[in-house]
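So the chains spell out like this:
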Amino acid sequence: MNGSTRENLSSGAMLGTFAGVFTPSILTILGIILFLRSGFVVGNAGLAGTLLIIAVATTVAVLTSISLSAIATNIEVRGGGDYYLISRTLGLEFGGAIGIVLFVAQSISVAFYAIGFSEAIVAMTALDDGIMVQLIAAVAVVALFGFAWAGADVATKLQFVIMALMVAALVSFYIGAVGSFDSALLADSWAPGSGSIGILAAFAIFFPAVTGFTQGVSMSGDLKDPGKSLPIGTFTAVGVATAVYLSVVILIAAGVPIASLVNDDGTAMRSMAVVGALVGIGVVAATLSSSMASLLGAPRIMQSMASDRVFPKMSWFAKGHGPTNNPRRAAVLSLVIALATVSLGSVNVIAPVVSMFFLISYGLINYATFYEARASSPSFRPRFRWFNRRASLAGAVLCGGAMLAINLIAGALAMVVVFGIYKYLERRDIPARWADAAAAHHFNRAMESIRSLDSEIRHSRNWRPQILVFSADAGRRSRLLTFAKWIEGHSGLTAAFRIITGEGVRGRIEAEEEGAKLQEEIDKLGLAVHGRAVITSDGMNALPVIVQAFGIGRIHANVVLFGWPESPNPEQLALYVGAVRGVARLGVNVMSLSTDELRWKRFDETPRSQRRLHVFWEDNDSGRLALLAAYLCTRDPEWSKATIRLISLSSEESQSPEVLAAMLEEVRIQADIVHIPEATHDDIIFACSDATLVLMPMRLREGKIIDQLGGELMSLAQRLPMTVAIHAGEPIQLATDPESGRASFIAEAESAADEARGRLRRLVAQLETATIEMEKATSVGDENRAKELEDQLARIRRRILSTEVRVERAEAEVAELLDGSA
């Protein structure tokens, strides 16, 4: 006995496959379309078209049933029907969007079928069809509500009575139809009758007949074993219903002239039956059964959504009654919606949209199965083995096609409504309360993207900041993480690490606790940063290992961000410089942020339009990285209105304002240029008096961090506004021409290889031609010509050998460049 079975039994669920799934499903499928529109469809589509319509409709039903069975046998199915299956697979947003519209749609369907019941009664009794239609419909809704109030087990007993009436109607028809079977009429019925509305219009009329095959799903919370009952009951209902529809349309086509069926309103079945009145009773039974099934299903969807707190102020409907947890409160809401719909007197305007909601739910069930199967999660192990993810995708596409074929406007309106609710729930950002298939899907997408990224050529235009932040102090760490967000520029990623010194189980527990605290800090800051704490016996030895091991494929650390050392202790400074040097030697860029509460407050109080980014320029990788970091900051809202000021301290011609202006134009970065030749430290301090953030290249020399003037950068940074010192550990290129850099080298090498191969082909052709001519000269005894050609052949062979060597070298160079770009 599985978990779902145990839970449903403990909650009082007692319905089996026949009563809980097969009965509501078959009674809804064999509804009013069967008795009133079967002949009409045959007349307007012809028997051949009708069989095609049934085949398409059945295909949708079968594919959806397969998908439903796969999901239902992979998870513990509880109350809520379609809503539960979709929400537990695609997530709460999709489930909530389809759940609320299905609840409303099924509540409206109660009135829709009740009005059909009322019209049938009025037609059979010749009563005045004015207010009587609404009155009888309202009475029927209230009476059916009484059964729903009593519970699913009592309502099911009513369905058995209704099923008996429908079976009697069908038996009456079959007996009469078999006796009047005319093969000549059958042969004449393959094509549509004169004045037909066409096969697409006939399909639109017929298709709602099969939209009830998931009614049993709505009763999932009342089943003893939903994982077993849902697949068996649904497939059996679809199979029996398909056999009934096929036999009925064939018998009608063989019993009534095709011309008489074009405008048939159910007369054909009544006239062919042994007892015509039984067919009328079948119509009444069909409408009552469909109404009852909707009145049982809708409240259970609402109850399940209320239990999940999908929408605000809905929890009141979560409470059930008695051992079966009967959703009486939700049933009252369905009653109110149904009576309000009955009071309108006609549902012709909203009926098409209601049908679309059912089709969307079927499409989502198919897509949910495809989504879960494609994610290849190890947990996707449905007991129902006869499913295929491509078949599920085909089912979803067919549902979409059916929507377009039936009613394009209604389908579009239904999709807009569902999408609007989905976006509303997405914006609510409801905390996840269960595990759906999204994690497996995103993991697959991530791995596919990483593999695709690995195959791309390395180029400076694809450089993105991938930052590792190290800090042991919570106060400084928040500033470091915020700075990392700035230099990400909405184009990179950041991970924060805590290195915990310890060993064994106690160390592991401490690391887990510190990791949780770190992630909590990150979440409070509202940053998209990945936090992690690692345990090690030696922090300095662990640092380079973490930097090298971080990431997968092309996603790896290329920037390490430290906080500036606060302690003047020489030993601490030496350790810090050693850490910076060790990271730089790994080919990773290093940034060190010097700030404190006072300087951070100054930044915070400076209006965005008055913020200044001062970049001290050097014509090297560190200088280029500093300029790029300043530009990336301007992509963040905090710096979007800031001005970049590029400051040159060199008197060399290569760093003159004119040369720098041309460089800025080439790399497409806007900045003001300030030239301070022969500058002193006081000049630097004065130039930065109005700066908000200073970005300055740093050099590592003799265990010290040196500034551009050869002084200690630590003492200078303490006299400046918030400052970040930058050391590039890899080549940094600001020019992003797609054909520059390694890409251009590869292109040139491939061109050279192609040219060499072309020359080789031409030489081989010349060799073949000269060989033929020499054979001719020899055969005619022309010794002079033969000697001349022999010399020519020798020269050609030497050239071929030389060209073959050139081809090999060119191809080797191409291979080497391609390997280096991978």
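Residues numbered from 1 in each chain as written. Predicted model: local features only at pLDDT ≥ 70, side-chain atom pairs only at ≥ 80, totals over all residues. Heavy atoms only, no water.

### Things to note about the confidence of the model for the chain
Per-residue confidence for the chain gives a mean pLDDT of 84; residues scoring 70 or more make up 93%. No element of the chain has a lower mean pLDDT than helix α1 (residues 3–10), which averages 41, and none a higher one than strand β8 (residues 612–617), which averages 95. Counting interchain partners and residues more than four positions distant, the pLDDT-below-50 stretch residues 1–13 has 28 contacts. (pLDDT = per-residue confidence, 0-100. Helix = DSSP H or I, 4+ residues; strand = E, 2+ residues; numbered from the N terminus. Contact = heavy atoms within 4.5 Å.)

### A look at the nonpolar core
Counting 139 residues, the largest nonpolar core has Phe35, Phe206 and Met305 as its most contacted members. Those residues in contact with Met305 that lie beyond four places of it in its chain are Tyr83, Gly96, Gly99, Ile100, Phe103, Val310, Phe311 and Met314. Val469, Leu593, Leu632 and Ile732 belong to the second-largest nonpolar core, a separate cluster that totals 47 residues. (Core = buried A, V, L, I, M, F, W, Y, C linked by side-chain atoms within 4.5 Å. Buried < 20%, exposed > 50% of the residue type's maximum accessible area, 1.4 Å probe, protein only.)

### Let's talk about a positive patch on the surface
A cluster of basic side chains, namely Arg759, Arg761, Arg762, Arg795, Arg798, Arg799 and Arg806, defines a positive patch on the protein surface. Broken down by secondary-structure element, the contributors of at least two residues to the positive patch are α28 (742–780) and α29 (783–821). Of all the elements, α29 adds the most residues to the positive patch, at four residues. Looking at where Arg761 falls in the secondary structure, it is placed in helix α28. (Patch = residues over 30% accessible without salt bridge, like charges linked within 9 Å, V, L, I, M, F, W, Y side chains within 5 Å. Areas by Shrake-Rupley, 256 points an atom, 1.4 Å probe, with all protein chains shown as cover. Salt bridge = Lys/Arg side-chain N within 4 Å of Asp/Glu carboxyl O. Lys, Arg positive; Asp, Glu negative; His and termini not counted. Charge placed at Lys NZ, Arg CZ, Asp CG, Glu CD.)

### Structural notes on the packing of aromatic side chains
Scanning the entire structure with this criterion turns up 26 aromatic pairs. Seen in terms of ring centroids, Phe18 and Phe22 are 5.4 Å apart; in terms of plane orientation they differ by 20°. Their pairing is stacked. In this pair, Phe18 and Phe22 are both assigned in helix α2 (residues 17–29), four residues apart and thus about one turn of the helix distant. Judged by its relative accessible area of 44%, Phe18 falls in the partly exposed class. When the centroid spacing of 4.7 Å and the interplanar angle of 40° are considered together, the rings of Phe94 and Tyr422 count as tilted. Remark: Tyr422 occurs in helix α17 (residues 408–428) and Phe94 occurs in helix α5 (residues 92–125); sequence separation between them is 328 residues. On the basis of relative accessible area, Phe94 is assigned to the partly exposed category, the value being 27%. A residue is classified by how much of its surface remains accessible, and Tyr422, at 18% relative accessible area, is buried. Feature note: the residues Phe470, Phe497, Phe550, Phe562, Trp564 and Tyr576 constitute an aromatic cluster, connected by ring pairs. Lying over the aromatic face of Phe40, Arg37 brings its terminal NZ or CZ to 5.8 Å of the ring centre. (Phe/Tyr/Trp six-rings, centres within 6.5 Å; stacked < 30°, edge-to-face > 60°. Lys NZ or Arg CZ within 6 Å of the ring centre and 35° of its normal.)

### With respect to the pairing of β8
Where burial is concerned, most of β8 is hidden: five out of the six residues are buried. Sheet topology places β8 next to strand β9 (residues 643–648); six bridges connect them, and they run parallel. When the sheet's bridge partners are listed, Arg612 is paired in β9 with Thr643. The sheet contact formed by β8 and strand β11 (residues 693–697) spans three bridges and is parallel. Paired with Val615 across the two strands is Leu695, which belongs to β11. (Pairing = 2+ DSSP bridges.)

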